[in-house]
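Tertiary structure, described
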Amino acid sequence: QVRLVESGGGLVQAGGSLRLSCAVSGSIFRLSTLDWYRQAPGKQRELVATITSGGTTNYADSVKGRFTISRDNAKNTAYLQMNSLKPEDTAVYYCGHRFPPSDYISWGQGTQVTVSS
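Residues numbered from 1 in each chain as written. Predicted model: local features only at pLDDT ≥ 70, side-chain atom pairs only at ≥ 80, totals over all residues. Heavy atoms only, no water.

If you walk through the whole model with that rule in mind, you get two aromatic pairs. A ring pair is formed by tyrosine 37 and tryptophan 107, whose centres lie 4.9 Å apart and whose planes are at 75°; its orientation type is edge-to-face. Pair noted here: tyrosine 37 is in strand S4 (residues 33–39) and tryptophan 107 is in strand S10 (residues 106–107), with a separation of 70 residues, a long-range link. Given the relative accessible area of 16%, tyrosine 37 is considered buried. Feature note: the residues Tyr37, Tyr94 and Trp107 constitute an aromatic cluster, connected by ring pairs. Its guanidinium or amino end placed over the ring of tyrosine 94, arginine 45 lies 3.7 Å from that ring's centre, counting from NZ or CZ. The ring centre of tryptophan 107 lies 4.5 Å from the NZ or CZ of arginine 45, which sits over that ring. (Phe/Tyr/Trp six-rings, centres within 6.5 Å; stacked < 30°, edge-to-face > 60°. Helix = DSSP H or I, 4+ residues; strand = E, 2+ residues; numbered from the N terminus. Buried < 20%, exposed > 50% of the residue type's maximum accessible area, 1.4 Å probe, protein only. Lys NZ or Arg CZ within 6 Å of the ring centre and 35° of its normal.)

Attention now moves to unusual backbone geometry. Put simply, proline 100 and proline 101 share a cis peptide bond, and its omega is 10°. Mapping proline 101 onto the fold places it in the loop between strand S9 (91–98) and S10. One non-glycine residue, asparagine 76, lies in positive phi territory at about 50°. Summarising the element assignment, asparagine 76 is placed in the loop between strand S7 (67–72) and strand S8 (77–82).

Either a parallel or an antiparallel arrangement is found when strands of a sheet pair, and the pairing is made through backbone hydrogen bonds. Spatial ordering of the open sheet is given by S1-S3-S8-S7, a layout of four strands whose pairing is antiparallel. For this open sheet the edge positions go to strand S1 (3–7) and S7, each flanked by a neighbour on one side alone. Sheet twist, expressed as the mean angle between neighbouring strand axes with direction ignored, is 15°. Two elements, S1 and strand S3 (residues 18–25), share five bridges in a ladder whose sense is antiparallel. Looking at the pairing, leucine 4 lines up with valine 24 of S3. (Pairing = 2+ DSSP bridges. Axes fitted to C-alpha atoms, helices over the stretch in contact; angles between N-to-C directions.)

Our focus in this paragraph is the state of the cysteines. According to the stated counting rule, one finds one disulfide in the structure shown. The disulfide bridge from cysteine 22 ends at cysteine 95, spanning 2.2 Å between sulfur atoms. Classification of the bridge connecting cysteine 22 and cysteine 95 rests on its S-S torsion, roughly -85°, and on that basis the disulfide is left-handed. One end of the pair, cysteine 22, is in strand S3; the other, cysteine 95, is in strand S9, and 73 residues separate them in sequence. (Disulfide = S-S within 2.5 Å.)

Right, here's the structure in full:
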């Protein structure tokens, strides 16, 4: 069974930075695709960034140039470096794990990011 544990969230002022981590166990990590999603109060969960097993990355337009997704296969961990944070980045951030072409996603418990103005 795949288990994901996110960490690194917190309270930061606008313009600041945070780095989220997603530790994965119970998976052939190097073959997986990792996603970071976020969900703000009253809004749907949205895809923020993706990194494939080959290292290809994709970002939502709202975070391009500010956020960077990466992975360390030796540590079975994915990261989301978030710079130039804005109040609208405030949300619970979730790590998702999947093996394409399957659409099944395993989720972590989420980590709260709050950006004050």
